[in-house]
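Analysis of the macromolecular model
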Amino acid sequence: MLKRFSISLEEDLLEKFDYYIQDHQYNNRSEAIRDMIRKALVKKEWQANKQVMGVISLIFDHHHPKLQEKVTKAQHDFPHHIISSTHVHMDHNNCMEVIIARGKSREIQELANKLIALRGIRDGNLAMSSTGKALQ
Ligand code: NI
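Presented here is an overview of the structure given in this document. (Residues numbered from 1 in each chain as written. Predicted model: local features only at pLDDT ≥ 70, side-chain atom pairs only at ≥ 80, totals over all residues. Heavy atoms only, no water.)

**Notes on unusual backbone geometry**
Notably, Gln25 is not glycine yet its phi reads approximately 60°, a positive angle. By the element assignment, Gln25 lies in the loop between α1 (11–23) and α2 (29–47). The class of Gln25 is exposed, set by a relative accessible area of 68%. In this structure, Asn49 takes a positive phi of about 60° despite not being glycine. Here Asn49 shows up in the loop between α2 and β1 (51–61). In this structure Asn49 comes out as buried when scored by relative accessible area, which is 18%. (Helix = DSSP H or I, 4+ residues; strand = E, 2+ residues; numbered from the N terminus. Buried < 20%, exposed > 50% of the residue type's maximum accessible area, 1.4 Å probe, protein only.)

Next comes the structure, spelled out in structure tokens:
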């Protein structure tokens, strides 16, 4: 059920918020605020070491000695966390590996840190999301 409430804001802050809404292509203020609240709650779940979904993306040159092997080995250390991993051959040299994992936020962070720190990884990112159970 949707409930309504009103918010008081300084005019210039509201103006900035409206620019933000335009930039992020929200249809209206309510939608933007709902998203911000969800994000804040998800962040709280991470901090509380709750169950999260994580997406780890890695960019690397597959010619780098033994790197692919190390990327695979690191994932085998977390077999119960990894749901799926996809390898994309982007061009002659560069590969992207995207790993979807589920588990406690600290464990997912540990897995991501391990992978991103491997020598030869050109870019690595972790995006964590809620499992959705605590959010509507
Ligand atoms: Ni490749």
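**Brief notes about the sheet that holds strand β2 (residues 82–89)**
Spatially, four strands are ordered β2-β3-β1-β4 in an open sheet, and the strand pairing comes out antiparallel. In the strand order of this sheet, the two ends are held by β2 and β4 (121–130), each with one partner. Within the sheet, the average angular offset between the axes of one strand and its neighbour, ignoring direction, is 15°. Here β2 runs beside strand β3 (residues 94–104); their pairing, made up of seven bridges, is antiparallel. The residue bridging Ile82 from the neighbouring strand is Ala101, located in β3. The strands that helix α3 (residues 67–76) touches are β1, β2, β3 and β4; relative to β1, the one it contacts most, it runs at about 170°. (Pairing = 2+ DSSP bridges. Axes fitted to C-alpha atoms, helices over the stretch in contact; angles between N-to-C directions. Contact = heavy atoms within 4.5 Å.)

**Observations regarding the pattern of salt bridges**
Counted by the stated rule, this structure contains four salt bridges. Residue Asp35 pairs with Arg38 through a salt bridge whose shortest N-O separation is 3.4 Å. One end of the pair, Asp35, and the other, Arg38, are both in helix α2, three residues apart, so they sit about a helical turn from each other. Exposure remark for Arg38: the relative accessible area of 31% places this residue in the partly exposed category. Two residues, Asp77 and Lys114, come together in a salt bridge whose shortest N-O distance is 3.0 Å. Of this pair, Asp77 sits in the loop between α3 and β2 while Lys114 sits in helix α4 (residues 105–116), and the two are 37 residues apart along the sequence. Residue class for Lys114 comes out partly exposed when judged on its relative accessible area of 36%. (Salt bridge = Lys/Arg side-chain N within 4 Å of Asp/Glu carboxyl O.)

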